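Summary of the model geometry
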Amino acid sequence: MKKLPQISEAEYEVMKAVWRYAPVTTNEVTDRMLQITDWSPKTVQTLLKRLVTKGVLTYEKKGRMFVYSPVFPEEAYLRQKNTSFLRRYYNGNLPAMFSSFLESEEISEKEIDSLRDILDKRFQKEEKEK
């Protein structure tokens, strides 16, 4: 997959609304952002324009309204960010990252069980593919 454009934290907040509600109008995105931030409507509009310029969003003009849709799914963005984080901070060493996290964070038994389930499912999937 080709490398996706870098987006700022503020742009990411706007993208979360677009990913969740797309296709979505400028007013709908603005209303959602005003519920969770102290940004002005002009700030939201500026962020939408930046995302279009970066090729992250597309839009269609319907009458006097702009309707936005994402160019790529949220999962693709998160996958790229996860890989970047792992390479940058742990030299791509996944066990080192997990070990560091498990030793420094409080994790409930339920969360540990959930992680075990994820690993078991992954192992079972790989066994079936052999």
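Summary of the structure given here. Remember, it's a predicted structure, so these values are computed and weren't measured experimentally.

With that out of the way, let us pick up the sheet that holds strand E1 (residues 24-25). Strand order in the open sheet formed by three strands is E1-E3-E2, and the pairing between neighbours is antiparallel. Where the open sheet ends on each side, the last strands, each with one partner, are E1 and strand E2 (57-62). Here E1 pairs with strand E3 (residues 65-70) via two bridges, running antiparallel. Pairing of Thr25 across the sheet is with Val67, part of E3. Along the sheet, helix H1 (residues 9-21) makes contact with E1, E2 and E3, crossing E3 at roughly 90 degrees.

The next subject is the nonpolar core. In summary, soluble globular proteins display a tendency toward joint burial of nonpolar side chains. Core analysis: the biggest nonpolar cluster contains 21 residues, and Val14, Val29 and Leu48 have the highest contact counts within it. Mapped onto this core, the elements with two or more residues apiece are H1, helix H2 (26-36), helix H3 (41-53) and helix H4 (74-90). Tallying contributions element by element places H1 first for this core, with six residues.

The subject of this paragraph is unusual backbone geometry. Between Ala22 and Pro23 the backbone carries a cis peptide bond, its omega angle lying at -5 degrees. Tracing the backbone through its elements, the reader meets Pro23 in the loop between H1 and E1.

Our focus in this paragraph is the pattern of salt bridges. If you walk through the whole model with that rule in mind, you get four salt bridges. Between Lys54 and Glu11 there is a salt bridge, with its nearest N and O atoms 2.8 Å apart. Residue Lys54 is found in the loop between H3 and E2, and its partner Glu11 is found in helix H1; the two are separated by 43 residues along the sequence. For Glu11, a relative accessible area of 1% puts it in the buried group. Salt-bridge contacts for Asp113 lead to Arg116; the nearest nitrogen and oxygen are separated by 3.2 Å. In this pair, Asp113 and Arg116 both sit in helix H6 (residues 109-129), three residues apart, roughly one turn of the helix. Under the relative-accessibility criterion, Asp113 is labelled partly exposed at 38%. Residue classification places Arg116 among the partly exposed residues on the basis of a relative accessible area of 48%.

Thresholds, definitions, all that
- Numbering of residues starts from 1 in every chain and runs along the sequence as written.
- A pLDDT threshold of at least 70 governs which residues receive local features in this predicted model, and a stricter bar of 80 or more applies before side-chain atom pairs are shown or counted, although totals over entire chains, interfaces and linings include all residues.
- The side-chain numbers reported here are obtained from all heavy atoms of the structure, hydrogens and water having been left aside.
- Note: two strands are recorded as paired if DSSP finds a minimum of 2 bridges between them.
- Segments assigned H or I by DSSP are reported as helices when at least four residues long, segments assigned E as strands when at least two residues long, and all are numbered from the N terminus.
- Residues are treated as being in contact if the distance between any of their heavy atoms lies within 4.5 Å.
- Every angle, taken between N-to-C directions, lies between 0 and 180 degrees, and every axis is a line fitted to C-alpha atoms, over only the stretch in contact when it is a helix.
- Residues enter a nonpolar core if they are buried and are Ala, Val, Leu, Ile, Met, Phe, Trp, Tyr or Cys, with the set joined through side-chain atoms within 4.5 Å.
- Using a 1.4 Å probe on the protein chains alone, a residue whose accessible area is under 20% of its type maximum counts as buried, one over 50% counts as exposed, and one in between counts as partly exposed.
- Any carboxyl oxygen of Asp or Glu that lies within 4 Å of a side-chain nitrogen of Lys or Arg is treated as forming a salt bridge with it.

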